[in-house]
Amino acid sequence: MKYFKSIILIMATVVGLGSCSFLDKEPTRTTSNNYFNNETEAESFLRGVYAILTQTSFYGNQYFYLVGGDDLEAYGGPGRAPSKEGLISNNATTSDPAVYTFWYTLYSGINRANIFLEEINKVSDINEKNKKIYSAEARFLRAFYYFNLVQCWGDVPFRTYSTQTVVGLDIERTPKAKIYDFICKEMEESSNDLLKASSIAYRPGRVTKETAWGILARVYMFRAGEHYRDKTSPDKAKIKEYFKQAGLFASKVKDEGGFSLAPNYWDFFIDQCANRYNSTANESMWEAEFTGNYSTDIRTEGRVGNIIGILGPDLSSKTELTGKLDPGFGYCFFWSTPKLYELYVANGDTKRMNWSIAPFTYTESVKGKGVDGRLFEKGKLEEVKGQYYNQSFSYGDTNSKAKKGDREKTYETKDYDLACGKWRREYEADKKNKNFTSINFPILRYADVLLMIAECENEVNDAPTAKAYECINAVRRRAGINPLEEGMTKDEFRQAVKDERAMELCFEMTRRFDLIRWGEYVKNMNALAPRAQSGTNWKFGPSNVYTYYQISDAYNYFPIPANEIAVNKLINKNNPGW
């Protein structure tokens, strides 16, 4: 099979390793104790299993181009041509480089986990308690990588033992139902031996019991909606059971205690950008961790805040410009859609809106001399002053005619496609590199868990329960908007959850999969195409963005990479439409 041959022969050249891993390539044959012989070496090898998360083909870069296109965000910007990789611009092929490197990266992580689990029991020089913990982490990560494969490709090749030789590696696709059973069993069982978050001071780079429960809830919820993309009759009893299990595990996170929402929405993201963990409350549960500024031999940086974040000037070569003079360069590839903008407005949700959608642009009165102002959308400066103004770079109040300082436009914007503002490089401590950042990416946070509980309570009980209202209203109160009043129907509450997830989790790469599991992905995307083409409140729509929304049912799945099919004789057809 292609992935094993690629791992063995060329994986090291396809993607560079992420942080803290000594495993830079897989050998042609494994031997007993070839990889690690004591606890220190075992722990280092385990970091290599984690390092898959930070590959450029995963959260380090390309993942955003693969799953980032949805009804809340679009790839774009002034005069920007479509992306040449990923599914975000609706121009993917079976030879897309982002697609096949993600496929191989996930299988590399699975193979590393398989090796670790086979070798760990051969090591005598290791604390037995730590052996259980390390094994549980490897089992969970292997299941998580398989979940990513199933989310994206459906039926995929499946094996739970490592590569021992390059001979006879062709393997057929296993039905996803069988893989789901494995994922659920592995995540639940591994949670028994994982550490509690409290025992590692709520540092979210390492998988904990609560992480496993939260991600397992996500697995069950996605599985509950599989009939939509497969266009099969729903098994209502099974679907309700999946939601029941999801609610059970999400509730275990809540009942365990220790996690809570940060006082302000932006606190969580400021922590991420400033390389801090949970400084105001324990909201972060699992993050892909990046570090450094691309100045050492170890490549542990990512692109969060650079490709997805506020547009900023490139001042990286100006070593004398520091602090607010250089808030960090951003390409700003990801923009809001009018749908997201209007959803915030309809709910009076200015706090999340003014953080998630950038309400200003950085300006230089003299090019190359450093940022000395921000130009706000009309009315936004005063709103931000009541929000996070004192926690951000500010440049002094001036009037709208000035070329520097903080000032507002004199006219109301008609453009509702504004830059993603969630990750802001101004909080990075070091001098900024042009293209790479140390900003982590959130894989799971507590607000998501609360919204999962709310959704599951409604689905299982055919109406929102007191617990459902409690959970969704906790998220709404933190946002500063009115809580939902009891008495809603099942359908009304379901829509409220969908809207809440949109406002809370936009740009965090969950929306595409939410829409797929709700059976709304293609419909919601297609509905935006005419508006993007007309340019109504969509500045960058008429040029090419509208074509990104003209997707077909094929986009419910990724294409099986063409080079995988070429070498694996047991895969003889692709996903529907590819």
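Figured I'd write up the structure that's included with this text. Everything quoted here is computed from the prediction, not taken from an experiment.

### Quick word on the overall build of the chain
If you tally the helices and strands in the chain, you get 21 helices and 9 strands. For the chain, whose C-alpha radius of gyration is 23 Å, the value lies close to the compact-globule estimate of 25 Å for 578 residues. Across its three principal directions, the C-alpha atoms of the chain cover 70 × 60 × 45 Å. A separation threshold of at least 6 residues defines the contact pool for the chain, and within that pool the share at least 24 residues apart is 73%. When the accessible surface of the chain is totalled, it reaches about 21,700 Å², and 49% of it is carbon and sulfur. For the chain, the distance from the average site of its 76 positive side-chain charges to the average site of its 74 negative ones is 3 Å.

### Focus on the packing of aromatic side chains
Counted according to the given criterion, the structure contains 52 aromatic pairs. Seen from their ring centres, Tyr63 and Phe102 are 5.6 Å apart, and the 65° between their planes marks the pair as edge-to-face. Highlighted residues: Tyr63 in helix α4 (residues 63-67) and Phe102 in helix α5 (residues 97-119), separated in sequence by 39 residues. Residue classification places Phe102 among the buried positions, given a relative accessible area of 0%. The ring of Trp355 has Arg424 lying over it, and the distance from NZ or CZ to the ring centre is 3.8 Å. Note that Arg445 overlies the ring of Phe268, its terminal NZ or CZ placed 5.2 Å from the centroid.

### Looking at the pattern of salt bridges
One pass over the full model with this rule turns up 46 salt bridges. A salt bridge links Asp71 to Lys339; its shortest N-O distance comes to 2.6 Å. One end of the pair, Asp71, is in the loop between α4 and β1 (73-75); the other, Lys339, is in helix α12 (residues 338-346), with 268 residues separating them in the sequence. Lys339 sits in the partly exposed class, given a relative accessible area of 30%. The salt bridge involving Lys385 is made with Glu382; its shortest N-O contact spans 3.7 Å. With a gap of 3 residues between them, Lys385 and Glu382 both fall in helix α14 (residues 380-385), about one helical turn apart. The class for Lys385 is partly exposed, based on a relative accessible area of 29%. Taken together, the shared-partner salt bridges connect Glu283, Asp349, Arg352, Lys422, Arg445, Arg476, Arg478, Glu500, Glu504 and Glu508 into one network.

### Things to note about unusual backbone geometry
Unusually for a residue other than glycine, Asn90 sits at a positive phi of about 60°. For Asn90, the location among the structural elements is in the loop between β1 and α5. Phi is positive for Asn537, which is not a glycine, with a value near 55°. Along the chain, Asn537 turns up in the loop between α19 (521-534) and α20 (541-548).

### Focus: the sheet that holds strand β7 (residues 373-376)
Strand-to-strand pairing in sheets goes through backbone hydrogen bonds, with the strands running parallel or antiparallel. Strands sit in the order β6-β7-β8 across an open sheet of 3 strands; the sheet is mixed. Looking at which strands have only one partner, the edges of the open sheet turn out to be β6 (360-363) and β8 (405-408). Across the sheet, the mean angle from the axis of one strand to that of its neighbour is 20°, orientation sign disregarded. In terms of strand pairing, β6 meets β7 through 4 bridges, oriented antiparallel. Looking at the pairing, Thr361 lines up with Leu375 of β7.

### Comments concerning the side chain of Gln272
Mapped onto the secondary structure, Gln272 falls in helix α11 (residues 265-273). One polar contact links Gln272 to Glu287, side chain to side chain, over a distance of 3.5 Å. For Gln272, the contacting residues outside a window of four places in its chain are Glu287, Trp423, Ile439, Asn440, Phe441 and Pro442.

### Let's talk about the side chain of Asp349
Mapped onto the secondary structure, Asp349 falls in the loop between α12 and α13 (350-356). Given the relative accessible area of 1%, Asp349 is considered buried. Polar contacts involving the side chain of Asp349 include one to the side chain of Arg352, which spans 2.6 Å.

### Notes on the packing of helix α16 (residues 466-479) against helix α17 (residues 490-505)
Close contact between α16 and α17 brings their axes to 11 Å; oriented N to C, the two are set at 35°. Judged by the twist between their axes, the crossing of α16 over α17 is left-handed. Touching Ala468, Tyr469, Ile472, Val475, Arg476 and Arg478 of α16 are Phe493, Ala496, Val497, Glu500, Met503 and Glu504, all from α17. The residue makeup of the contact of α16 with α17, split by class, is 8 nonpolar, no polar and 4 charged.

### Looking at the environment of Phe259
Here Phe259 lies in the loop between α10 (236-256) and α11. On the accessibility criterion, Phe259 (9% relative accessible area) is buried. Considering only alpha carbons, one finds Phe259 and Glu504, 245 residues apart in sequence, at a separation of 17 Å. Discounting chain neighbours no more than four positions away, the residues touching Phe259 are Ala197, Tyr202, Glu210, Val253, Asn282, Ser284, Met285 and Tyr446.

Here is what the cut-offs are and how they apply
Residues numbered from 1 in each chain as written. Predicted model: local features only at pLDDT ≥ 70, side-chain atom pairs only at ≥ 80, totals over all residues. Heavy atoms only, no water. Helix = DSSP H or I, 4+ residues; strand = E, 2+ residues; numbered from the N terminus. Rg over C-alpha atoms; globule rule 2.2 N^0.38 Å. Contact = heavy atoms within 4.5 Å. Areas by Shrake-Rupley, 256 points an atom, 1.4 Å probe, with all protein chains shown as cover. Lys, Arg positive; Asp, Glu negative; His and termini not counted. Charge placed at Lys NZ, Arg CZ, Asp CG, Glu CD. Phe/Tyr/Trp six-rings, centres within 6.5 Å; stacked < 30°, edge-to-face > 60°. Buried < 20%, exposed > 50% of the residue type's maximum accessible area, 1.4 Å probe, protein only. Lys NZ or Arg CZ within 6 Å of the ring centre and 35° of its normal. Salt bridge = Lys/Arg side-chain N within 4 Å of Asp/Glu carboxyl O. Pairing = 2+ DSSP bridges. Axes fitted to C-alpha atoms, helices over the stretch in contact; angles between N-to-C directions. Polar contact = N/O pair within 3.5 Å; in protein donor to acceptor, adjacent residues only side chain to side chain. Left-handed = near helix turned anticlockwise from the far one by under 90°. Nonpolar A, V, L, I, M, F, W, Y, C, P; charged D, E, K, R; others polar.

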